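Architecture at a glance
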Amino acid sequence: MNNTLAIITARSGSKRIPRKNIKEFLGFPIIKYSIEAAIESKCFDEIMVSTDDKEIALISEKYSAKVPFFRSNTSSGDFATTADVIEEVLLEYRKRGKVFEYCCCIYPTAPFVTFQRLQEAFNMLKKSNADSVIPVVCFSYPVQRALKIDDGKLSMIWPENLYVRSQDLISTYHDAGQFYWLNAKAFLENKNIFTNNTVPIEIRESEAQDLDSEEDWKMAELKYRILKGLL
């Protein structure tokens, strides 16, 4: 049995930011950062990119990732989930005689992923016997005080929390959207990344950024420069 596989998911389609997965981020195709973090972590027996695009494949191979096969049409569509892609990759490797004990799905638009975080999360996965380890970020404001707008009027979603002290409300978190460490066997059995045996690894808000718009992109580049001392 092979031990660990990195799966970097990079399909060609991107509606909000064209060619997002290879768009330049501070002078380099953004997928380069995910590939290099995986290489530097020394966690993986194989690092592959799952794509349906020849240009993405060539760029990925330039930075030393493998593209042993292309995605199917089914897993390249707008409605395919990350879990669908991971399953397809693991089963295709199995057909080729490679069975992995652990795998890590890394998004190609995750320049804040570091080799240290990948190592830390992998150690957590093994020590905890979890199905998966997911990086999360704490919401900076209590979601229990969230507001909504109906017909131009502002109201609370949960008005019972209007006068509850912030420190009396539980902390809430969201997926950082960077990577998922998985026990491969458990994943193939339940087909879910998130289970009742998922362990979180908390990261700072400064280490994560959604990339859904050009404004997001500029903010991410600024945050990256600050984190790396490039300003």
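Residues numbered from 1 in each chain as written. Predicted model: local features only at pLDDT ≥ 70, side-chain atom pairs only at ≥ 80, totals over all residues. Heavy atoms only, no water.

Notes on the overall build of the chain
Put simply, the rule is: Every helix listed is a DSSP run of H or I at least four residues long, and every strand listed is a run of E at least two residues long, numbered separately from the N terminus. Taken over C-alpha atoms, the radius of gyration is set against a globule rule of 2.2 Å times the number of residues to the power 0.38. Residue exposure (1.4 Å probe, protein chains only): buried if accessible area is under 20% of the type maximum, exposed if over 50%, otherwise partly exposed. Only heavy atoms enter the contact rule, under which two residues are in contact if any of them lie within 4.5 Å. The method behind every accessible area is Shrake-Rupley, applied with a 1.4 Å probe, and residues are considered shielded solely by the protein chains displayed. Charge counting follows a simple rule: Lys and Arg are positive, Asp and Glu are negative, and His as well as the terminal groups are ignored. Every charge is mapped onto a representative atom, which is NZ of Lys, CZ of Arg, CG of Asp or CD of Glu.
The helix and strand tally for the chain stands at seven helices and 11 strands. Computed over C-alpha atoms, the radius of gyration of the chain comes to 19 Å, within 12% of the 17 Å expected from 2.2 N^0.38 for 231 residues, which places it in the range of a compact globule. With respect to the principal axes defined by its C-alpha atoms, the chain has extents near 60 × 40 × 40 Å. Counting over 231 residues, the chain shows a buried share of 47%. Summarising the internal contacts of the chain: among those between residues at least 6 apart in sequence, 74% fall at separations of at least 24. Looking at the chain as shown, the accessible area adds up to about 12600 Å², and 51% of this sits on carbon and sulfur atoms. Looking at charge distribution, the chain has the averaged site of its 30 positive side-chain charges lying 3 Å from that of its 32 negative ones.

Structural notes on the environment of Ala130
Tracing the backbone through its elements, the reader meets Ala130 in the loop between α5 (115-128) and β6 (132-138). Here Ala130 falls in the buried class, since its relative accessible area comes to 3%.

Topic: the packing of aromatic side chains
How we decide: Between the rings of Phe, Tyr and Trp (Trp by its six-membered ring), a pair exists once the centres lie within 6.5 Å; its type follows the angle of the planes, with under 30 degrees stacked, over 60 edge-to-face, and the other angles tilted.
Going through the model one piece at a time under the given rule, you end up with 11 aromatic pairs. When the centroid spacing of 5.1 Å and the interplanar angle of 10° are considered together, the rings of Phe44 and Trp181 count as stacked. Of this pair, Phe44 sits in the loop between α1 (31-41) and β4 (46-50) while Trp181 sits in strand β10 (residues 179-183), and the two are 137 residues apart along the sequence. Exposure remark for Phe44: the relative accessible area of 13% places this residue in the buried category. Judged by its relative accessible area of 0%, Trp181 falls in the buried class. Consider the rings of Tyr93 and Phe100, whose centres lie 5.3 Å apart with planes at 85°: the pair is edge-to-face. With relative accessibility at 2%, the residue Tyr93 sits in the buried group. Judged by its relative accessible area of 6%, Phe100 falls in the buried class. Feature note: the residues Phe25, Tyr33, Phe112, Trp217 and Tyr224 constitute an aromatic cluster, connected by ring pairs.

Brief notes about the state of the cysteines
Worth spelling out the cut-off: To count as a disulfide, a pair of cysteine sulfur atoms needs to be within 2.5 Å.
On inspection of all chains with the given rule, the structure shows zero disulfides. Cys43 carries a free sulfur, and the closest cysteine sulfur to it, the one in Cys104, is 8.0 Å from it. Assessed through its relative accessible area of 11%, Cys43 is described here as buried.

Overview of the pattern of salt bridges
In a structure, side chains of opposite charge can pair up when their charged atoms sit close to one another. How we decide: By definition here, a salt bridge exists when the distance from a side-chain nitrogen of Lys or Arg to a carboxyl oxygen of Asp or Glu is within 4 Å.
Considering all chains together, one arrives at 17 salt bridges under this definition. Each of Arg117, Glu120, Arg204 and Glu207 takes part in one network of salt bridges that share partners.

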